[in-house]
Amino acid sequence: MTENAEIVARAPLFLPKFLIKKYFFKYEKKLLAQKEKVLKAQKKFQNGEKFLFLGKSFSLFFGDFSEISFREKTLFFPKNSKNPRADLKHFYQKMAKKILFSRVDFWAKKVGHFPKKVRISAAKTRWGSLSAAGTISLSWRLILAPPFAIDAVVAHEMAHFFYPDHSKNFWKKVAEIFPDFRRGHDFLRENAIFLRL
Ligand SMILES: [Zn+2]
């Protein structure tokens, strides 16, 4: 399934076509449901369209506003915006800097370990990482996810200060820092395609 909701089959060259078709029909329902999901996730920037911010849904409303804001259940949007997608992305990135940095600060104080640097990435599924030099990278797309998912990612990277691998001890450390981490990881796995623009 591509980002444009096209279903692409990857199979060895020698595999007969009918077998690929057979496989497709076996999973047709699942694939079509997934296709619908991807299409739904594509944004057209029309009034009333839903946008996510910190896991909550907001209805887009174009009006005489000087800047973008998420308030109550509405995403207020300047109607003179020439490129709403770019403007909203920029807004998300600005908020990501503010909110993700403050979550890192919060967890760093708790854990007693501070990263050398925090940077915001544009990764689509690699939500966070910790470099050998001690830089934590977090995807700005996390800002579309609920706070428990953000904290799960930050706690995960914090635990890497103690264990660079994904060993048993590492996961124990993650749970020690943020016991609810599994819910956050599951959320991100299941909803990755919605955390996009
Ligand atoms: Zn990891």
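Relevant structure appears above.
Our subject in this report is the structure included herewith. Here the structure is a predicted model, which is why all the values come from computation and not from measurement. (Residues numbered from 1 in each chain as written. Predicted model: local features only at pLDDT ≥ 70, side-chain atom pairs only at ≥ 80, totals over all residues.)

Each helix and strand counted, the protein has six helices and seven strands in total. Order of helices (α) and strands (β) in the protein, N terminus to C terminus: α-α-β-β-β-β-α-β-β-β-α-α-α. Sorting the 197 residues of the protein into buried and exposed places 21% on the buried side. Relative to all contacts within the protein whose residues are 6 or more apart in sequence, the contacts with residues 24 or more apart total 46%. (Helix = DSSP H or I, 4+ residues; strand = E, 2+ residues; numbered from the N terminus. Buried ≥ 20, exposed ≤ 12 C-beta atoms within 10 Å, placed from the backbone. Contact = placed C-beta atoms within 7 Å.)

Before going further, it helps to examine unusual backbone geometry. Although it is not a glycine, Leu-54 adopts a positive phi angle of roughly 50°. Relative to the assigned elements, Leu-54 resides in the loop between strand E1 (50-53) and strand E2 (56-63). Here Leu-54 falls in the partly exposed class, since 16 other C-beta atoms lie within 10 Å of it. A positive phi is found at Glu-72, a non-glycine position, where the angle reads about 45°. Mapped onto the secondary structure, Glu-72 falls in the loop between strand E3 (69-71) and strand E4 (74-78).

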